[in-house]
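The chain contents come next:
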Amino acid sequence: MEFRLNAEDKGSKARAGEITTDHGLIPTPIFMPVGTAGSVKGVHQRELAGDIDAKIILGNTYHLNLRPGMEVLKAAGGLHKFIGWNRPLLTDSGGYQVYSLSDNRKIKEEGVHFRSHIDGSKHFYRLKHL
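Below or above, wherever it landed, is the structure these notes cover.

The rules behind the values
Residues numbered from 1 in each chain as written. Predicted model: local features only at pLDDT ≥ 70, side-chain atom pairs only at ≥ 80, totals over all residues. Heavy atoms only, no water. Pairing = 2+ DSSP bridges. Helix = DSSP H or I, 4+ residues; strand = E, 2+ residues; numbered from the N terminus. Core = buried A, V, L, I, M, F, W, Y, C linked by side-chain atoms within 4.5 Å. Buried < 20%, exposed > 50% of the residue type's maximum accessible area, 1.4 Å probe, protein only. Contact = heavy atoms within 4.5 Å.

A closer look at the pairing of strand β1 (residues 2-8)
Here six bridges tie β1 to strand β2 (residues 15-21), and the two strands are oriented antiparallel to one another. Note on β2: the bridge partner recorded for Leu5 is Gly17. With antiparallel pairing between neighbouring strands as the criterion, β1 and β2 make up a hairpin whose turn holds six residues, including Lys13 at a positive phi of roughly 65 degrees.

Right, here's the structure in full:
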């Protein structure tokens, strides 16, 4: 992955650039349709690629882990193959859920213990220290 800054406005500090990934080029800034659990609701993949010309879509790690689950995604060959998307994807950390689902989690030094808001199953997300 590579980022290149193409323009910068000294007055507003606005910037324009592009991110190059194995799955394509992403101009920045960019509108990113949200496919929380791997699909953008109410929009077909052909519309995302053709009509909207989305360069990237966003998925949510927390929600993808619960549904469809890592085993399903691995068996499909990854998220790109699972959803039939050959352009870039961005998955967020799921960190927002650490705070927004505070009734369903306990934060410990080693990570976060979650109780699924879907079925009550228990999950643990280990914190990685950089």
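Let's talk about the nonpolar core
Core analysis: the largest hydrophobic core is formed by nine residues, namely Val40, Leu48, Ala54, Ile57, Leu64, Leu73, Leu79, Ile83 and Trp85. Dropping the residues within four chain positions of it, Leu79 is found in contact with Gly38, Leu64, Leu73, Leu89 and Thr91. If you look at the next biggest cluster of nonpolar residues, it comprises six residues, including Tyr62, Val98, Val112 and Phe114.

A short note on the environment of Glu2
Mapped onto the fold, Glu2 is located in strand β1. Under the relative-accessibility criterion, Glu2 is labelled partly exposed at 48%. Once the C-alpha coordinates of Glu2 and Thr21 are considered, the two residues, 19 residues apart in sequence, prove to be 6.8 Å apart. In contact with Glu2, not counting residues within four places along its chain, are Glu18, Ile19 and Thr20.

Overview of the side chain of Glu18
Mapping Glu18 onto the fold places it in strand β2. Setting aside its immediate chain neighbours within four residues, Glu18 contacts Glu2, Phe3, Arg4, Asn6, Leu25, Ile26, Pro27 and Thr28.

Focus: the environment of Glu8
The topology assignment puts Glu8 in strand β1. For Glu8, the residues in contact, after removing those within four places along its chain, are Ala14 and Arg15.

Digging into unusual backbone geometry
Between Thr28 and Pro29 the backbone carries a cis peptide bond, its omega angle lying at -5 degrees. Note on placement: Pro29 falls in the loop between β3 (24-28) and α1 (45-51). Looking along the chain, the bond that leaves Arg67 and enters Pro68 is cis, with omega of 15 degrees. The backbone phi angle of Asp53 is positive, close to 55 degrees, even though this residue is not glycine. Position of Asp53 among the secondary structure elements: in the loop between α1 and β4 (57-60).

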